Amino acid sequence: FFSGLGISFSWTPAISIVSHYFSRKRALANAIASAGECAFAFTFGPLFQWLISQYGWKGALFIIGGIQLNICVCGVLMRPLASSCLLEASHSETEPLPGNGASGIDKEDESPITHKTFNWMLVRRPEFVLYAIFGILAAMSFFVPPLFLVPLSYSLGIDESWTASLLSILAIVDFAGRLLCGWYANLHVTKTVHLLTMTITLISTSLMLLPLANNYLSLAIFTGFYGFFFGTTVAVHITVLADVVGMPDFDSALGLFMLIRSTGGFVGPPLAGLIVDMAGDYRAGFYMAGATLVLSAGFLVTLDHLQQRKDKGSQTNTKPEKSTLPYPSLHLLKLQ
């Protein structure tokens, strides 16, 4: 409980701060920031085994806890955006205009520096609801492959030493996928929600094909495909959330999204385990994860259609009305 609480109190603010630091390069920044997970996942297994052999499991956990205390150092270094920039902007607005002694902003509470409360009303926005449902379904699937990958390899008769390398392959290609997708998203060639839909579709395809593996080489290849496309999804899904709700409501949206999405991570592994027990085959868990991701992609497509309709509606409403009167003076009379 305390470990999960600590993760939520550290991970969520860190992602929020990075998203506020960057606008045009937000996707690349989030990709680089999240790539540390892959680097640690690649080294954690051997490191933890060595610590256990040297200091026992209690000593190993004590050392790992000390290493994680460095998150506090990172938190101290993460600062809110300099308020001086906002103050400078507010002062420029309050300076007297030429020929006018009145200031542009007289009230202090009209300053751009505001203290906002948590926006619970986001649950009433259809775009956020659709994206939250996508998050639940995606979380139901993301925890399944690492859980059943090793048991599946054992059931295929693969040696234990080779099986351990599958998780290393998963971490390496995940790292590459995050950086590559972050770089591509930063080019702004493809709309982020389209990119996310494509990566989710590719993940579901790789999960559907992974159970077809019957030896180590084919299992490693399909694991690599899954890990790469999983990394691309992680790199861009926070950026999509920022695009959906906008940066003024991003902090509230991120907290709500993680709260809602965690229900999928809570339900997914037990449900997959139940399906595996009923089918008597670990492949059934991968099929369940792939099917759930296909369903989640449908909500992304619906979200994209909803956003496009709103954009077209706003463009239609803001289009200026053309005057049909021959003289400007008559047009002014019409407006009056």
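Residues numbered from 1 in each chain as written. Predicted model: local features only at pLDDT ≥ 70, side-chain atom pairs only at ≥ 80, totals over all residues. Heavy atoms only, no water.

**Regarding the packing of helix α8 (residues 192–209) against helix α9 (residues 216–245)**
The relative placement of two packed helices is expressed as an angle between their axes plus a distance between the axes. Stated formally: Axis angles are defined between N-to-C directions and span 0 to 180 degrees, where every axis is a line fitted to C-alpha atoms and, for a helix, only to the segment in contact. Helix and strand definitions follow DSSP, with helices as H or I runs of at least four residues and strands as E runs of at least two, each counted in order from the N terminus. By the definition adopted for this analysis, an angle is roughly parallel if under 35 degrees, roughly antiparallel if over 145, roughly perpendicular if from 65 to 115, and oblique otherwise. Take the far helix as your reference; a near helix turned counterclockwise from it by less than a right angle gives a left-handed crossing, and one turned clockwise gives a right-handed crossing. Residue contacts are defined here by distance: any two heavy atoms, one from each residue, within 4.5 Å place the two residues in contact.
The geometry of α8 relative to α9 is characterised by a closest axis approach of 8 Å and an angle of 155 degrees between their N-to-C directions. Between α8 and α9, the crossing angle belongs to the class labelled roughly antiparallel. Considering only the axes of α8 and α9, their crossing is left-handed. Contact residues: Thr 192, Val 193, Leu 195, Leu 196, Thr 199, Ile 200, Leu 202, Ile 203, Ser 206, Leu 207 and Leu 209 in α8; Phe 222, Phe 225, Tyr 226, Phe 229, Phe 230, Thr 232, Thr 233, Val 236, His 237, Thr 239, Val 240 and Asp 243 in α9.

**Comments concerning the UniProt feature "transmembrane region" (unreviewed entry) in the protein chain**
Put simply, the rule is: UniProt positions are given in the numbering used here, feature names are shortened, and annotations may be inferred rather than shown by experiment.
Summarizing the sequence annotation, UniProt attributes the feature "transmembrane region" (unreviewed entry) to residues 27–48, 60–78, 128–150, 162–181, 193–213, 219–241, 253–272 and 284–303 in the numbering used throughout. Secondary structure within residues 128–150 divides into 96% helix and 0% strand; the distance between the first and last C-alpha atoms comes to 36 Å. With 81% helix and 0% strand, residues 193–213 has end C-alpha atoms that lie 31 Å from one another.

**Here's the deal with a nonpolar patch on the surface**
To keep things clear, this is the line we draw: Residues enter patches when they are more than 30% accessible in relative terms and free of salt bridges; like-charged ones are connected within 9 Å and nonpolar ones (Val, Leu, Ile, Met, Phe, Trp, Tyr) within 5 Å. Note on areas: these come from Shrake-Rupley sampling with a 1.4 Å probe, and a residue is covered only by the protein chains present in the view. We count a salt bridge whenever a side-chain nitrogen from Lys or Arg sits within 4 Å of a carboxyl oxygen from Asp or Glu. Exposure categories follow from relative accessible area, calculated using a 1.4 Å probe and restricted to protein chains: below 20% of the type maximum is buried, above 50% is exposed, and the middle band is partly exposed.
On the surface, a nonpolar cluster with roughly 430 Å² of combined accessible area is contributed by Met 208, Leu 209, Leu 212, Tyr 287 and Val 294. For Tyr 287, the position within the fold is in helix α11 (residues 283–318). For Tyr 287, a relative accessible area of 36% translates into the label partly exposed.

**Considering the packing of aromatic side chains**
Rules: Ring pairs shown here join Phe, Tyr and Trp side chains whose ring centres sit within 6.5 Å, with only the six-membered ring taken for Trp; geometry is labelled stacked below 30 degrees between planes, edge-to-face above 60, and tilted in between.
Per the stated rule, a full pass over the model turns up 10 aromatic pairs. Between the aromatic rings of Trp 50 and Tyr 55, the centroid separation amounts to 6.3 Å while the plane-to-plane angle is 80 degrees, which identifies the pairing as edge-to-face. Take Trp 50: its relative accessible area is 44%, and that puts it in the partly exposed class. Ring geometry for Phe 148 against Tyr 282: centres 5.9 Å apart, planes inclined by 40 degrees, an arrangement best described as tilted. Remark: Tyr 282 occurs in the loop between α10 (250–279) and α11 and Phe 148 occurs in helix α6 (residues 144–155); sequence separation between them is 134 residues. By relative accessible area, Phe 148 is classed as buried at 8%. Residue Tyr 282 is classed as partly exposed on the basis of its relative accessible area, which comes to 31%.

**Quick look at the packing of α6 against α10**
Counted only if it meets this: Polar here means any residue other than Ala, Val, Leu, Ile, Met, Phe, Trp, Tyr, Cys and Pro, which are nonpolar, and Asp, Glu, Lys and Arg, which are charged; Gly is therefore polar.
α10 packs onto α6 with a crossing angle of 35 degrees between their chain directions and a minimal axis gap of 9 Å. Mapping the contact onto sequence places Val 144, Leu 147 and Phe 148 in α6 and Gly 268, Pro 269, Ala 272, Gly 273 and Val 276 in α10. Residues belonging to the contact of α6 with α10 are distributed by class as follows: 6 nonpolar, 2 polar and no charged.

**A closer look at helix α7 (residues 160–186)**
To keep it simple, the criterion reads: Each helix should span, by expectation, one fewer than its residue count multiplied by 1.5 Å.
Under the 1.5 Å per step criterion, the end-to-end length of α7 is 40 Å for 27 residues, consistent within 8% with the ideal 39 Å. Those residues of α7 that fall on the buried side of the exposure criterion are Thr 163, Leu 166, Leu 170, Ala 171, Val 173, Asp 174, Gly 177, Arg 178, Cys 181, Gly 182, Ala 185 and Asn 186. His 188 sits one or two residues past α7 and shows a positive phi near 60 degrees.

**Digging into the side chain of Thr 232**
Checked against the element boundaries, Thr 232 lands in helix α9. For Thr 232, a relative accessible area of 5% corresponds to the buried category. Contacts of Thr 232, omitting those with residues within four sequence positions, involve Gly 177, Arg 178, Cys 181 and Thr 199.

**Overview of the side chain of Thr 292**
Mapped onto the elements of the fold, Thr 292 is located in helix α11. Under the relative-accessibility criterion, Thr 292 is labelled buried at 12%. Ignoring any residue separated from it by four or fewer positions in sequence, one finds Thr 292 in contact with Leu 137, Met 140 and Ser 141.

**Remarks on the nonpolar core**
This is how the line gets drawn: Nonpolar core, defined: a set of buried Ala, Val, Leu, Ile, Met, Phe, Trp, Tyr and Cys residues in which side-chain atoms within 4.5 Å join the residues together.
With 61 residues, the main nonpolar core has Tyr 131 and Leu 241 as its most contacted residues. Counting only elements with at least two residues in this core, the list comes to α2 (26–68), α5 (126–142), α6, α7, α8, α9, α10 and α11. Of all the elements, α9 adds the most residues to this core, at 15 residues. Sequence-distant contacts of Tyr 131, defined by excluding residues within four places in its chain, comprise Leu 196, His 237, Val 240, Leu 241, Phe 257, Leu 300 and Leu 303.

**Considering the pattern of salt bridges**
Enumeration according to the criterion identifies 6 salt bridges in this entry. Two residues, Lys 310 and Glu 127, come together in a salt bridge whose shortest N-O distance is 2.7 Å. Of this pair, Lys 310 sits in helix α11 while Glu 127 sits in helix α5, and the two are 183 residues apart along the sequence. For Lys 310, a relative accessible area of 44% gives the class partly exposed. Its salt-bridge partner being Arg 283, residue Asp 281 comes within 3.3 Å of it at the nearest N-O pair. Judged by its relative accessible area of 28%, Asp 281 is partly exposed. Beyond isolated ion pairs, a larger network of salt bridges with shared partners links Glu 37, Asp 174 and Arg 178.

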